[in-house]
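Structural overview
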Amino acid sequence: MKQIATGSMDSCVMIWNMKTQMRAYRFEGHKDAVLSVQFSPSGHLVASASRDKTVRLWVPSMKAESTAFRAHTATVRSVNFSGDGQNLVTASDDKTIKVWTVHRQKFLLSLNQHINWVRSAKFSPDDRLIVSCSDDKTIKLWDKNSRECIHSFYEHSGYANYVDFHPSGTCIAAACTDNSVKVWDIRSHKMLQHYQVHNGAVNSLSFHPAGNFLITASSDFTMKILDLLEGKLMYTLHGHQGGVSGVAFSSTGEYFASGGSDEQVITTSTKTLNGCSPLMVILCAQVMVWRSNLDSAEDSDGVRLQHQTTVGCKAQPSFSSHPRELRSEALCEPSEHFNGRDSHAAAHTRGASRSVSHSTAATPHTHGHLGSSSSSAQRPQSRASTQRPPRVAAQSPASGGGVPPGLASTLEHIVGQLDILTQTVSILEQRLTLTEDKLKECLENQMEIGLHLQRPEEA
């Protein structure tokens, strides 16, 4: 992962270089808050959407050159590149979704059946379909060529803040204001999974490029990693001091970024998921970049979604709450920390060449649904077994009196948890120091005010 792009309430776009001793670029051009940013698949362009009713295309270099698209009549909340990088789709409070050409910078078409603000719009992996979600409590699936709405999914207890396609293109996931995450099959139009794991509105989500995992960001200050293979909550991540407004996996799956509201940019590495590198769109004032050991796209055997799975959230430990056959190592290891005075509202990261939202991956399938053939979906790869072997290699007890594999795994897990605890204490110490400094500053200001008030009385 080389760069992160962030949008801000101060109307600026920032490009953060992840290599040490590399400066960040600040791009000015928007006249109001930037709500969404994304790198093109090649990484040569950055698109940003703003409350100033425009979308801008930037060349991520020191010159900060940009071109503005002016067609929406209200706030633009979402911008997304097509997989080939030739088109953009935008979603706006003017209740429309618009598609643009990138190189000619021309308006192509408008989709107009929503009756309230459109929060998010995304291309399918094959660029034939567009999915959108709106405050009118619908999620609509569109055919880009015919410009027709193929199907509408209805929300009854809230609306969707964010929606995206699974890497296979066979299903979609929605982050909803009723604290839930829902996954639908776009061919059968049936709900595949329903997760009730958050205590606040879910603001964003991102599929791992391999398609086996889904990460969500919520106003309850947490992120959740969901195991789509088994249909259950896998990890709960704490780190933000406020609501988490965005999260995104990188194109390879080695990293993911999260955005909050605490005015800093943090790079963190994790060691319990399996393989990734550039990231996607985030709404935040603090951006965290995490490294994952989730299964990489290349190693994926495909996902087997369980039909109509519901997950509850009773126990929510700090970093890892649901043990699986994964590496028993620490989940979160902070590696870089960027302090920024600006309140960043959107973020997207990239690696050598690809954008996160359009990474290729193995095709998922579900029992009775996602496994069926379709002209718009890839064939799922066959699996010899639905269970994966443990990632930690076990040594034979007979080979020279080595440590028993069960004990070795337990010890590795304990060491990982100690690392997490140490890092958490370090972060808390830093925050305590900042709090003490602010408190001291407040006391000094109060003393100065008191002295100013006493002088007129004495006079």
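One can find the structure itself at the top, above this paragraph.
1. What to know about the sheet that holds strand β21 (residues 213–218)
- Overall, antiparallel pairing links the 4 strands, which are arranged β20-β21-β22-β23 in an open sheet. Two strands bound the open sheet, and with one partner strand each, they are β20 (202–207) and β23 (232–238). Taking each pair of neighbouring strands and ignoring which way they run, the sheet shows an average axis angle of 20°.
- Of the pairings in the sheet, the one linking β21 to strand β22 (residues 222–227) comprises 5 bridges and is antiparallel in character. Following the sheet pairing, T216 is matched in β22 by K224.

2. Some details on the sheet that holds strand β11 (residues 107–111)
- In spatial order, the strands read β8-β9-β10-β11; together these 4 strands make up an open sheet with antiparallel pairing. Lying at the two open borders of the sheet, with one neighbouring strand each, are β8 (76–81) and β11. When strand polarity is set aside, the average angle formed by the axes of neighbouring strands in this sheet is 20°.

3. Structural notes on the pattern of salt bridges
- One pass over the structure, following the stated rule, counts 9 salt bridges.
- Notably, a salt bridge pairs K182 with E155, separated by 2.7 Å at the nearest N-O pair. With K182 in strand β18 (residues 181–185) and E155 in the loop between β15 (148–154) and β16 (160–165), this residue pair connects regions lying 27 residues apart in the sequence. Each member of the pair, K182 as well as E155, is classed as buried.
- Within this structure, D10, R26 and E28 form a network of salt bridges that share partners.

4. Notes on the side chain of T96
- Positionally, T96 belongs in the loop between β9 (87–92) and β10 (97–101).
- The class for T96 is buried, based on a relative accessible area of 12%.
- Looking at T96, its side chain comes within polar contact range of the side chain of H72, at 3.4 Å.
- The residues touching T96, leaving out its near neighbours within four places in the chain, are H72, T90, A91, S110, L111, N112 and V118.

5. Remarks on the packing of aromatic side chains
- Inspection of every chain in the model, using the stated rule, returns 6 aromatic pairs.
- On the numbers, 6.5 Å between centres and 5° between planes, the contact of Y25 with F27 is stacked.
- Owing to a relative accessible area of 16%, Y25 belongs among the buried residues under this scheme.
- For the pair F153 and W184, a centre-to-centre distance of 5.2 Å together with 35° between the ring planes defines the contact as tilted. A residue pair is termed long-range when its members are at least 10 positions apart, and F153 in strand β15 and W184 in strand β18 qualify at 31 residues.
- The rings of Y25, F27 and W58 are connected pair by pair, giving a single aromatic cluster.

6. Things to note about a nonpolar patch on the surface
- A contiguous nonpolar surface patch, about 530 Å² in accessible area, is contributed by L407, L411, I414, L418, L421 and V425.
- Within the secondary structure layout, L418 lies in helix α1 (residues 405–458).
- Residue classification places L418 among the partly exposed positions, given a relative accessible area of 48%.

7. Section: the pairing of β22
- By the criterion of burial, β22 is predominantly enclosed, with 6 of the 6 residues buried.
- Burial along β22 is two-sided: T222, K224 and L226 and M223, I225 and D227, pointing in opposite directions, are all buried.
- In sequence, β21 turns back onto β22 through a hairpin of 3 residues, with F221 there showing a positive phi of about 80°.

8. Things to note about a negative patch on the surface
- Where like charges cluster on the molecular surface, the negative patch consists of E436, D437, E441, E444 and E448.
- Mapping E441 onto the fold places it in helix α1.

9. Regarding the environment of H44
- Along the chain, the position of H44 falls in the loop between β4 (34–39) and β5 (46–50).
- Separated by 17 residues in sequence, H44 and S61 have C-alpha atoms that sit 9.3 Å apart.
- With residues up to four places along the chain from it excluded, the contact list for H44 reads W58, V59 and P60.

10. So, the pairing of strand β25 (residues 255–259)
- Most of β25 is tucked away, with 5 of its 5 residues classed as buried.
- Neither face of β25 is open: one carries Y255, A257 and G259, the other F256 and S258, and all of them are buried.
- Sheet topology places strand β24 (residues 246–249) next to β25; 4 bridges connect them, and they run antiparallel. Each residue of the ladder has a partner; that of F249, found in β25, is F256.
- Between β24 and β25, which pair antiparallel in sequence order, lie 5 residues; one of them, G253, sits at a positive phi of approximately 100°.

11. Details of the environment of I150
- Along the chain, the position of I150 falls in strand β15.
- When the C-alpha atoms of I150 and L129 are compared, they prove to be 9.2 Å apart, with 21 residues separating the residues in sequence.
- Among residues more than four places away in sequence, those in contact with I150 are L129, L141, W142 and D143.

12. Examining unusual backbone geometry
- We note that K53 has phi near 75°; this positive angle belongs to a residue other than glycine.
- One can find K53 in the loop between β5 and β6 (55–58).
- You will see that D127, though not glycine, has its phi angle at about 65°, which is positive.
- Looking at the element boundaries, D127 is found in the loop between β12 (118–123) and β13 (129–134).
- Relative accessible area serves as the criterion here: at 12%, D127 is assigned to the buried category.

The rules behind the values
- Residues numbered from 1 in each chain as written.
- Predicted model: local features only at pLDDT ≥ 70, side-chain atom pairs only at ≥ 80, totals over all residues.
- Heavy atoms only, no water.
- Pairing = 2+ DSSP bridges.
- Helix = DSSP H or I, 4+ residues; strand = E, 2+ residues; numbered from the N terminus.
- Axes fitted to C-alpha atoms, helices over the stretch in contact; angles between N-to-C directions.
- Salt bridge = Lys/Arg side-chain N within 4 Å of Asp/Glu carboxyl O.
- Buried < 20%, exposed > 50% of the residue type's maximum accessible area, 1.4 Å probe, protein only.
- Polar contact = N/O pair within 3.5 Å; in protein donor to acceptor, adjacent residues only side chain to side chain.
- Contact = heavy atoms within 4.5 Å.
- Phe/Tyr/Trp six-rings, centres within 6.5 Å; stacked < 30°, edge-to-face > 60°.
- Patch = residues over 30% accessible without salt bridge, like charges linked within 9 Å, V, L, I, M, F, W, Y side chains within 5 Å.
- Areas by Shrake-Rupley, 256 points an atom, 1.4 Å probe, with all protein chains shown as cover.
- Lys, Arg positive; Asp, Glu negative; His and termini not counted.
- Charge placed at Lys NZ, Arg CZ, Asp CG, Glu CD.

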